Amino acid sequence: MSKKSVAYGKFVRFFWNKPTVALNLLTLGLKLENTRRKVVATTRNDFSSWVDFAALSIVASAFSGEEVALVNLFFPSEIMAGFALKSVSAEGLSGMLAAMHLEDFALARAESIGVSKNTCSFHRAGLGLNLLNMMKNVRAVAVTNMLCDGNVPIFRTIASLYGLKLIVLDVPRNLDEFNVDYVSQQLEQAVYELENQLNRRFDWKKFEEQMKIESEIFEALRELYPKLCEKPIKMHLYQHVNLLYTIHVRPDFHLLKAVRALERDLKAETSDDAKRILWMHLSPYYDNVLNEIFSKDSPHTVVASELCWDWLDWRIDVRRGFKSIAEKLLLNPLLNDARKRAEFAVKLAKDFRVNGVIHFNQFGCKQSSGSIELIKGVFDELKIPFLSLDGDCVDHTSSSSEQFKTRVQAFLEMIE
Amino acid sequence: MIVYNCPLVPFEFFHALRIPFKRIEPISIEFQKLHPNVCSFCRSAVCSVKPTDVLVWTDSCDSMRRAYDFLSQNVSFYLHIPVKNDELAVLSLSRDLKRLWEFLKTVFNSEVPLSELERVHRWFIEKSIHLERLIEKDLNEAKTIFEELSNQEWVGSVARKGKSVLLLGSWANSKLVEIVEKAGGFALNATCSGPYSLIFEAEPARDIFESIARRILNKRLPCGRFASTRELKMLIERFRPEAIVLHTAKFCDFYHFDERLLRELKIPFVTIENDFTNALEQARTRIEALLEDTKDRPRVSVKAFHFVGIDSGSTSTKIVVVNNRGDILFEQVCRTGADPKESAKRLMIQAMKHLKFDPQESFVVATGYGRDAIDFAHARVTELTCHAVGVKHLYPDVRTIIDVGGQDSKVMRIEEGKIVDFVMNDKCAAGTGRFLEIVSSILETPLQIMGKESLKAKTQLSISSVCAVFAESEIICLRSKGYSKQEILWAAHNAIARRLVTMYERVKGRPPVVLTGGVALNEGLKRALEELLKVEIIVPKNPVTTGALGAALMGLQQKL
């Protein structure tokens, strides 16, 4: 998402006709950047540096030769941890390409097999990357229809490329006892299928270790939440994306380190005169004007991003295993109707005392932006300024920075 | 009245309760509160819901989920349909069906016993099995059964004549069937508005709700939303269609994925992305091109000595006259303007004056978007076929044609002179001459010289969007940053070429490649395409008239 990434992408682009060279350069670039982020995180030892490192580590493992499970953002990665598979999400991979302005190759590859360019670019580029044979050691492909049903045909196609059986988790829309059983039984079935596919046993110990780490992360976040609302820490807009990505795809010990650092960060004295913004849905991952407007040092700070907090109410019970994971999925406030989502967003807006809300409508995403008028109406009633911003998080050619700039600046002038 | 949104509903409930029911259908307005990203079928069809309707609404896709957010004033039941079909999914759905049954009985104050529901279910299964058999034997009877079971009008042909065309994909209406029939096809509708929405594998079950759940999840042709692979092979083996129309709603995420299998099976097909406006002109051209086969064209007694081809395009109208041997005698181009018929007539008069022939001594074939408006034409053929014929005449070895016109662009793969695959751009300026016109106007550089100017760029500047709206603001921004006109022009040509390369890859294009259309004269685009494709591009001496030449030659081919 930085100018350095774009410059490196330009360099890789030069070798794109030699796939092995391009792939090696991509792997090398990720390795170098990951090492740099690790050094920065270890030296600074603050929340956002650890989050930046954690997010890139996830993506980098897809190119490192480690055994990976290709999943979508909401598939419970705890299952993959039990098989010692590193979860990597298609959305994250698309974001990585976009950061280097290399997404066009993957998008065009997906389009060449007929995928409509109206399909969400996260999934289109994710599929394209696999069609380009860029992934090294994919051992499992898994998807849930939880928030996006376009995922299902995309992952069905990806699984077919590797000759793997697609693991599918069907998540109903309501949290009740029956549905908890339904989802947890599917998880058991997924484990059974993966055991056969991978020819190895599910390691309960590893699974429980992962659950314990997550339990520690969420407990700490819950405890810090009131302080964070009172005095939010300064983060760049793209760092919120890194955080939500890490929380959903692989909340591991790097994130735990980040959360421990957060406690220290919150104790530090900071001035708090910036206007507070709540961000809803995702934001563009490539170098763009929004990251300039909402930087760490800007007079307008994004203090919370909706998808960083959607599992805050999840009380992990390691003893209940799969049932506990089923509850996590079913209590997500974005799962049900738009009013429930709006209630959750209003809670965040009030808790963080925001001055305005921006909802980014990712092109082709129906579930998040379909009933945006309704969510806007809820905020209008509360007299909380709301901006609905259309664009594309991955395809940098399908948004205009000038249009972003005009809309966002007008909105910020409005809340001055 | 019960209103449902998708055929994955328990029709048996509605029949057993004897409550009138109907499916939502697109009407000519759009529900403006839904974001434009929502599928076009849904945006329009949700307007057909009345506040008094009792809704049985499935979460069949994200668009339907979001539409439901706006229907809170209705009495309704929201039914989750699993994306899987296994024992757990059956159990989950059967529990929800039981709840739906109780809900409907309460809402309509009905005391219908379960035994009645069981009887109706048995009747439904028998009828449905019968329906499947009748599709091949008696379409009129199949129509009666389909309409009885689903309360929907039959969408599809009832008389078998012409080439058999299988309609796949999402909800199609009779307008699409009419286009197929007019183009000489017999449309068998396997979309969710056709009989395959009611055909399934029956399985034994423990109770009535489980049995209905199995029926719903065991669709013989699963929808694109399901995790299982679509059983297209089964349909294709059964009906052996000569062509397939893959129909999808704009912003539907499911059915484009069928293309991959259809390409593997090597069946001629075309994808139609329907936005449910009345503008089905592109669909018509694509379907007609799919069904056109020069070899099958009937030979007619033509006494003419002059074979005239008129290509009525969106920007310009072209005429080419050839003699009995196929030699070009006359060619001319003029602007189409507001009256395509008048422009064509003017050109015809000029040709007759120049070559001194009467209308009776000519045979006219019209092509292009305005072909139907040319009432003096003896035959009409799509511009896709005409381009293929015209270019093949000039370059017999051609394998791929890239045609960039004013309003649309197309890439065709040719084998032995026949189109074997083609794609066209959608309804936007991306990848068309219109995009270059916009760039020309912003940079105040005449169209005729902008290609040449772009080649003077010293540095490689990369833009960006091929969306005309975004490009405009982006170009203005680049100018303000001090980039030269030439650099911006080169970047714009590269952007349009990238779009065309994607289309080229989609049809698996091969050299030799011929570039036609008005934009072919632009040297910047030619160079950009050559650099990206790494092949030499051939541009005919007069690339604008290849379609008209093809039309004239099509007339000559029809001569006895």
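Residues numbered from 1 in each chain as written. Chains lettered and ligands numbered in written order. Predicted model: local features only at pLDDT ≥ 70, side-chain atom pairs only at ≥ 80, totals over all residues. Heavy atoms only, no water.

Chain B carries the name CoA activase in an unreviewed UniProt entry, which gives Pseudothermotoga hypogea DSM 11164 = NBRC 106472 as its organism.

Going by the annotation in an unreviewed UniProt entry, the name recorded for chain A is 2-hydroxyglutaryl-CoA dehydratase, with Pseudothermotoga hypogea DSM 11164 = NBRC 106472 given as the source organism. In its Sequence similarities (unreviewed entry) section, UniProt records this for chain A: "Belongs to the FldB/FldC dehydratase alpha/beta subunit family." (UniProt positions renumbered as here; feature names shortened; annotations may be inferred.)

K.L.:
Which parts of the structure should I look at to understand the overall build of chain B?
P.N.:
A count of helical and extended segments in chain B gives 19 helices and 18 strands. A compact globule built from 560 residues should have a C-alpha radius of gyration of about 24 Å, and chain B, at 27 Å, falls within 12% of that. Judged by the C-alpha coordinates and their principal axes, chain B covers about 85 × 65 × 40 Å. For chain B, the proportion of its 560 residues judged to be buried stands at 63%. Of all intrachain contacts in chain B linking residues separated by at least 6 positions in sequence, the fraction that spans at least 24 positions is 63%. Summed over its atoms, the accessible surface of chain B is roughly 22,400 Å², and 51% of this surface lies on carbon and sulfur atoms. (Helix = DSSP H or I, 4+ residues; strand = E, 2+ residues; numbered from the N terminus. Rg over C-alpha atoms; globule rule 2.2 N^0.38 Å. Buried < 20%, exposed > 50% of the residue type's maximum accessible area, 1.4 Å probe, protein only. Contact = heavy atoms within 4.5 Å. Areas by Shrake-Rupley, 256 points an atom, 1.4 Å probe, with all protein chains shown as cover.)

K.L.:
Is there a simple way to think about the pattern of salt bridges in this case?
P.N.:
It is possible for side chains bearing opposite charge to pair when their charged atoms get close. Residues and elements named next belong to chain B. In this structure the tally under the stated criterion is 59 salt bridges over all chains. Note that Arg413 and Glu415 form a salt bridge whose closest N and O atoms lie 2.8 Å from each other. The closest approach of N and O atoms between Glu453 and Lys456, which form a salt bridge, is 2.7 Å. Salt bridges sharing common partners tie together Arg284, Glu288, Arg371, Asp372, Arg380 and Glu383. (Salt bridge = Lys/Arg side-chain N within 4 Å of Asp/Glu carboxyl O.)

K.L.:
Can you help me understand the interface of chain B and chain A in this one?
P.N.:
Accessible area lost when the parts come together is the quantity often used to give the size of an interface. Between chain B and chain A, the contact holds 57 residues from the first and 64 residues from the second. Summed over both sides, the interface of chain B with chain A buries roughly 5,100 Å², with 53% coming from carbon and sulfur. The shortest N-O distance in the salt bridge between Arg173 of chain A and Asp59 of chain B comes to 2.8 Å. The interface formed by chain B and chain A includes 29 residue pairs in polar contact (both at pLDDT 80 or more). Elements with a minimum of two residues in the side of chain B that touches chain A: helix H3 (62–69), helix H4 (87–107), helix H10 (258–265), helix H16 (468–480) and helix H17 (485–506) of chain B. Classifying every residue of the side of chain B that touches chain A by side-chain character gives 20 nonpolar, 15 polar and 22 charged. (Buried area = accessible area lost by both parts, 1.4 Å probe. Polar contact = N/O pair within 3.5 Å; in protein donor to acceptor, adjacent residues only side chain to side chain. Nonpolar A, V, L, I, M, F, W, Y, C, P; charged D, E, K, R; others polar.)

K.L.:
When you look at the nonpolar core in this model, what are you seeing that I'm missing?
P.N.:
One recurring pattern in soluble globular proteins is that nonpolar side chains are buried together. Counting 156 residues, the largest nonpolar core has Phe63, Phe294, Trp309, Phe352 and Phe379 of chain A as the members making the most contacts within it. Ignoring any residue separated from it by four or fewer positions in sequence, one finds Phe63 of chain A in contact with Leu23, Leu26, Thr27, Leu30, Leu93, Met96, Leu129, Met134 and Lys136 of chain A. Formed by 97 residues, the second largest nonpolar core is a distinct cluster that contains Tyr182 of chain A together with Cys39, Leu131 and Leu232 of chain B. (Core = buried A, V, L, I, M, F, W, Y, C linked by side-chain atoms within 4.5 Å.)

K.L.:
What am I meant to see in the side chain of Glu453 of chain B here?
P.N.:
Residue and element names in this part refer to chain B. Along the chain, the position of Glu453 falls in helix H15 (residues 447–454). Polar contacts involving the side chain of Glu453 include one to the side chain of Lys456, which spans 2.7 Å. Residue contacts for Glu453: discarding those within four places in its chain leaves Thr445, Gln486 and Leu489.

K.L.:
It is not clear to me how H3 of chain B should be interpreted in this structure. Could you clarify?
P.N.:
Side chains of residues three or four places apart in an α-helix project in the same direction, reflecting 3.6 residues per turn. Within H3 of chain B, eight of the eight residues are buried, leaving the element largely enclosed by the surrounding structure. Buried within H3 of chain B are the following residues: Asp62, Ser63, Met64, Arg65, Arg66, Ala67, Tyr68 and Asp69 of chain B. Lining the buried residues of H3 of chain B we find helix H15 (338–351), helix H16 (366–369) and helix H17 (372–381) of chain A together with helix H2 (40–45), strand E3 (54–58) and strand E4 (75–79) of chain B.

K.L.:
Could you clarify how one ought to interpret the environment of Leu8 of chain B in this entry?
P.N.:
Mapped onto the secondary structure, Leu8 of chain B falls in the loop between strand E1 (2–4) and helix H1 (11–17). Apart from the residues within four sequence positions on either side, Leu8 of chain B is in contact with Thr58, Leu79, Ile81, Ile216, Lys219, Cys223, Arg225 and Phe226 of chain B.

K.L.:
Please explain the packing of helix H9 (residues 177–198) of chain A against H4 of chain B as it appears in this structure.
P.N.:
Relative orientation and spacing of two packed helices are given, respectively, by the angle between their axes and the distance between those axes. H4 of chain B packs onto H9 of chain A with a crossing angle of 170° between their chain directions and a minimal axis gap of 10 Å. By the criterion of interaxial angle, the relationship of H9 of chain A to H4 of chain B is roughly antiparallel. When H9 of chain A is examined against H4 of chain B, the residues Phe178, Asn179, Tyr182, Gln185, Gln186 and Gln189 of chain A are found in contact with a partner set consisting of Leu88, Ala89, Leu91, Ser92 and Arg95 of chain B. Counted by class, the contact of H9 of chain A with H4 of chain B contains five nonpolar, five polar and one charged residues. (Axes fitted to C-alpha atoms, helices over the stretch in contact; angles between N-to-C directions. Parallel < 35°, antiparallel > 145°, perpendicular 65-115°, else oblique.)

K.L.:
Looking at this structure, I do not really get the packing of helix H5 (residues 114–137) of chain B against helix H6 (residues 139–150) of chain B. What am I missing?
P.N.:
All names here are of chain B. Viewed as axis vectors pointing N to C, H5 and H6 meet at an angle of 150°, and their least axial separation amounts to 8 Å. Looking at the two axes, H5 sits roughly antiparallel to H6. Here H5 and H6 pass one another in a crossing that is left-handed. Contacts between H5 and H6 involve Trp123, Phe124, Lys127, Ser128, His130, Leu131, Leu134, Ile135 and Lys137 from the first element and Leu139, Glu141, Ala142, Ile145, Phe146, Glu148 and Leu149 from the second. Counted by class, the contact of H5 with H6 contains ten nonpolar, two polar and four charged residues. (Left-handed = near helix turned anticlockwise from the far one by under 90°.)

K.L.:
Sorry if this is basic, but what is going on with a positive patch on the surface here?
P.N.:
Residues and elements named next belong to chain B. Where like charges cluster on the molecular surface, the positive patch consists of Lys266, Arg399, Lys508 and Arg510. Here Lys266 lies in the loop between H10 and strand E8 (269–274). Here Lys266 falls in the exposed class, since its relative accessible area comes to 72%. (Patch = residues over 30% accessible without salt bridge, like charges linked within 9 Å, V, L, I, M, F, W, Y side chains within 5 Å. Lys, Arg positive; Asp, Glu negative; His and termini not counted. Charge placed at Lys NZ, Arg CZ, Asp CG, Glu CD.)

K.L.:
Explanation requested: helix H8 (residues 208–217) of chain B in the structure shown.
P.N.:
Residues and elements named next belong to chain B. A large share of H8 lies buried, amounting to ten of its ten residues. Taken residue by residue, H8 has Ile208, Phe209, Glu210, Ser211, Ile212, Ala213, Arg214, Arg215, Ile216 and Leu217 as its buried positions. For H8, the secondary structure elements touched by its buried residues are H1, H4 and H5.

K.L.:
Even after reading the chapter, I still don't get the packing of aromatic side chains, so can you show me in this structure?
P.N.:
Given two aromatic rings, their pairing is described by the distance between the two centres and the angle made by the two planes. This structure, assessed with the given rule, holds 40 aromatic pairs over all chains. Considering the side-chain rings of Phe379 of chain A and Phe386 of chain A, the 5.5 Å spacing of their centres and the 25° angle between planes classify their relative orientation as stacked. By relative accessible area, Phe379 of chain A is classed as buried at 0%. Through pairs of rings, three or more aromatic residues link up here, namely Tyr4, Phe11, Phe14, Phe21, Trp123 and Phe124 of chain B. Stacked on the ring of Phe200 of chain B, the Lys or Arg Arg215 of chain B has its end atom at 5.5 Å from the ring centre. Lying across the ring of Phe226 of chain B, Arg225 of chain B places its NZ or CZ 5.1 Å from the centre. (Phe/Tyr/Trp six-rings, centres within 6.5 Å; stacked < 30°, edge-to-face > 60°. Lys NZ or Arg CZ within 6 Å of the ring centre and 35° of its normal.)

K.L.:
I'm lost on empty space enclosed by the protein in this one. Help?
P.N.:
Which parts of space are left empty comes out when a probe the size of a water molecule is rolled across the atoms. Residue and element names in this part refer to chain B. Taken as a whole and judged by the stated rule, the model has nine cavities of 30 Å³ or more. Estimates place the volume of the second largest cavity at around 330 Å³. Forming the boundary of the second largest cavity are 25 residues, of which Ser60, Cys61, Ser170, Cys252 and Phe254 lie nearest the centre. Per-element tally for the lining of the second largest cavity: the top contributor is H3, with three residues. The residue inventory of the lining of the second largest cavity, partitioned by class, reads 15 nonpolar, four polar and six charged. When residues of the lining of the second largest cavity are sorted by domain, at least three fall in each of domain 1 (2–114) and domain 2 (150–291). (1 Å grid on protein atoms, 1.4 Å probe; cavity = no way out; pocket = protein on both sides within 12 Å on 5 of 7 lines; lining within 4 Å. Points joined across faces, edges and corners; volume = space filled by probe spheres on them. Domains from an automatic or database assignment.)

K.L.:
Help me understand the pairing of strand E7 (residues 243–249) of chain B in this model?
P.N.:
Each regular strand carries side chains that alternate between the two faces of the sheet. Residue and element names in this part refer to chain B. Summarising burial for E7: seven of the seven residues are buried, a large majority. Covered by surrounding structure in E7 are Ala243, Val245, His247 and Ala249 together with Ile244, Leu246 and Thr248, the residues of both alternating faces. In this structure, strand E5 (residues 163–169) lies alongside E7, joined through five bridges in parallel fashion. What sits directly across from Leu166, in E7, is Ile244. Relative to E8, E7 runs parallel, the two being bridged by six bridges. Bridge pairing in E8 places Val245 opposite Val270. Chirality of the crossover, the property in question, places the unit of E7, H10 and E8 among those that are right-handed. (Pairing = 2+ DSSP bridges. Right-handed = clockwise from strand over helix to strand, strands pointing away.)

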